[in-house]
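Analysis of the macromolecular model
Chain by chain, the residues run as shown.
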Protein chains: 2
Amino acid sequence: MCSKIPHPKLPIQNPMSAEIICVGTELLLGDILNSNSQYLAQQLAKLGIPHYYQTVVGDNRERLQQVIEIAASRVNILIFTGGLGPTPDDLTCETIADFFGVPLVERPEIIEDIAQKFAQRGRVMVPSNYKQALIPQGAEILPNPTGTAPGIIWQPRPELTILTFPGVPSEMYRMWEETAVPFLKSQGWGQEIIYSRSLKFWGIGESVLAEKVADYLNLTNPTVAPYAGKGEVRLRISAKASSPSVAEELIAPIEQQLRDIGGLDYYGKDNDTLAVVVGQLLRSSGETLAVAESCTGGGLGQMLTEISGSSDYFWGGVISYDNSAKLRLLGVNPADLDQFGAVSATVAQQMAQGVKNRLSTTWGLSITGIAGPTGGTDDKPVGLVYIGLAGPNNEVYSFEHRLGTMRGRSIIRHLSACAALDHLRRCLLSQ
Amino acid sequence: MCSKIPHPKLPIQNPMSAEIICVGTELLLGDILNSNSQYLAQQLAKLGIPHYYQTVVGDNRERLQQVIEIAASRVNILIFTGGLGPTPDDLTCETIADFFGVPLVERPEIIEDIAQKFAQRGRVMVPSNYKQALIPQGAEILPNPTGTAPGIIWQPRPELTILTFPGVPSEMYRMWEETAVPFLKSQGWGQEIIYSRSLKFWGIGESVLAEKVADYLNLTNPTVAPYAGKGEVRLRISAKASSPSVAEELIAPIEQQLRDIGGLDYYGKDNDTLAVVVGQLLRSSGETLAVAESCTGGGLGQMLTEISGSSDYFWGGVISYDNSAKLRLLGVNPADLDQFGAVSATVAQQMAQGVKNRLSTTWGLSITGIAGPTGGTDDKPVGLVYIGLAGPNNEVYSFEHRLGTMRGRSIIRHLSACAALDHLRRCLLSQ
């Protein structure tokens, strides 16, 4: 090391804080996006736990040991994800135990749990699965309700807490919410929280909405920030407070004002989706829905049925990908199909009426369009989509959308399904 | 630090390698997903530059200094993103200069460039923009064609190279491709590349497959590593070589052996999905497919139609979410529906036959099951799914799956659609 450089010293100690350590060579190869870091970062912020570093390291014993050494010398809470699997390259747990000079012990309750899950899925345990039952002596099991790899909660020394999670996001989320959060709160965290509410808008651009609410973007507590993605605009209201209820009091008036400004473009909050909101409207009015999908090929039905209990108002539909399906399953008029083409207002209307009549639902909603990248023409370019909507009094509407030729197949399909739901939403609200 | 712990030592030196350092408090707050790390990781792999660590740190002078100290002591190439903007909290460049004890100098060519870009956008430079023209004495400018913040390429000491990029992905991509890659190649990188192939398997667990291929997991070049997620297992073969063709020669024999071991459980490679593979098989045999979906509500159709050109073999289908749709659109026998229930082998078979007959396709594929979280009973628990398959010679099959009661609605729906495609795939292959 050249003389100019200050002599290396130990990392600076940070006030009570956490470090996120993601273990996995696939992250170093760029095979997967590190969404776990973002999730954990958001969760730590919610609990008011400061975190100043995130580290990614491969499935390598020496380097992982060194990362643990650095992290343990600068923060008090180490949160690991990844490397808990059954294969030899999964070595997070044993490396942590090694580092703190503690042996691994086999925990029968874990073996039992794994065996049970395997049995449920009609599979049998193999020797390598027993590896997942080994955890450091003195560590608590952090149960994994959905997968086979449990995590640990461990205090290997005073003032140092370790939590481990598998790399599979869905498994980690549940373990975090069901066990880690209660544990961290029991340790006194989450006294001052950052509490957020997202207001969701459809049918208005980010810059237009931002201008409408410009004055609110300078607030300090709560703060208001716009985000945009996949055709949707969100306004996030974040309040810092001692409790959710206090934060709620700070947020409520601002939320109401922003909703008033948004008008019909505001469709829901937080975990609401267009499908959720449409479902609530249909349920409350006791009405039912059927869909007919061309270019989305089932994507609209999937959105609607992501919601448990959607069978109360969603009866099903037809994927009329080929024209023969439009004729046979929806009764679209062959002459009209010929004259106007599959991607037309007329066919969209007949698709909506056809599926509504065949399933005797209150509403029929249809999509026909050109998702691309091929199939576009000068007068019918990629991104041209027609939405059809047939209602209870035999009224039938169609809506034309030009979603852009360059945006790609999957986003055009997504926007088409959302637009269809949004038209139905506005129609249900203005009944 | 308690006595059990080995005395802290300096980080281990790694052979010629890089570290990615992302600077930005927004990453620590979880406001944005760290896609820059993934991009840079992929790019480094392409050039054959080993990288063992990724670090995220906030816009904080002391902590950034400490991160630089650790990184500079364990790798030779430091790649920074973020913290190059005009605002006071953007301090990456000055902190780097401070650390190496070098002053910042104002570079007129940068000021000129910024002024020009502002002029084009009809804006005028404000004082804060001049900050972006300050770079460490002796550093080269890494031009930013699309934005105002340039990066640097700098050797503050022998054997240590620093590259900085703004956090805006689109700006970073162009700077990387147009300047960083040529520079790194001029330094002798990119002679040796890491080239990978992913083999994908369905219908076998990670641990079982890992044991079958245990000997291969110890290979050094190419290496073989297993990954699992969403019901699929992948074996990643990675070769280090002077060119893709040489790497291909190293990979080919191992790939063939692993495919032989995998047998019918092997379904495709790299970007293949089950829908892609099934599509190729149908196209090559000139056969067609229709689907009938209950618990997946359109998800199977969506998977099939994600592929442009799928209309050549996929004609559409029915979303028979409600029983009335099973009766009216698929002609399921009401008595059987009554006797066996909607989630039964019999109904699955009739759904498959029904949709095949109505659309006159070669194959009919159906799914009926209990996605949960509600609707399960003792003899028909959540996760119980029946796949129906009707073929060209009026043969009809059904397959029972128990996907586990605890895995959640969306994963059960995903696994159901994949399982259906997999059964069709195996059937098409063994024709």
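Predicted model, so just to flag it, every value in this text is computed and none were measured. (Residues numbered from 1 in each chain as written. Chains lettered and ligands numbered in written order. Predicted model: local features only at pLDDT ≥ 70, side-chain atom pairs only at ≥ 80, totals over all residues. Heavy atoms only, no water.)

Okay, the environment of Thr374 of chain B next. Here Thr374 of chain B lies in the loop between strand E15 (363-369) and strand E16 (384-390). Placed 35 residues apart in sequence, Thr374 of chain B and Arg409 of chain B show a C-alpha to C-alpha distance of 9.4 Å. Contacts of Thr374 of chain B, omitting those with residues within four sequence positions, involve Ser308 of chain A together with Val382 of chain B. (Helix = DSSP H or I, 4+ residues; strand = E, 2+ residues; numbered from the N terminus. Contact = heavy atoms within 4.5 Å.)

Strand pairing in a sheet relies on backbone hydrogen bonds. The paired strands run either parallel or antiparallel. All names here are of chain B. If you trace the 4 strands from one edge of the open sheet to the other, you get E10-E11-E9-E12, paired in antiparallel fashion. On the outer flanks of this sheet lie strand E10 (223-229) and strand E12 (266-269), each paired with one strand and no other. Between one strand axis and the next, the sheet turns through 25 degrees on average, direction left out of account. Direction of pairing for E10 relative to strand E11 (residues 232-241): antiparallel, over a ladder of 7 bridges. (Pairing = 2+ DSSP bridges. Axes fitted to C-alpha atoms, helices over the stretch in contact; angles between N-to-C directions.)

Split by domain assignment, chain A resolves into domain 1 (18-186), domain 2 (193-269) and domain 3 (274-429). Between the C-alpha centres of domain 1 of chain A and domain 2 of chain A there is a distance of 35 Å. (Domains from an automatic or database assignment.)

All names here are of chain A. If you trace the 4 strands from one edge of the open sheet to the other, you get E10-E11-E9-E12, paired in antiparallel fashion. Looking at the sheet topology across the chains shown, the edges are occupied by strand E10 (223-229) and strand E12 (266-269). Pairwise comparison of adjacent strand axes, ignoring direction, gives a mean angle of 25 degrees for this sheet. Direction of pairing for strand E9 (residues 193-202) relative to strand E11 (residues 232-241): antiparallel, over a ladder of 10 bridges. Note that in E11 the partner of Ile194 across the bridge is Lys240. Lying on the sheet, helix H15 (residues 409-429) is in contact with E9 and E12; it crosses E9 at an angle near 85 degrees.

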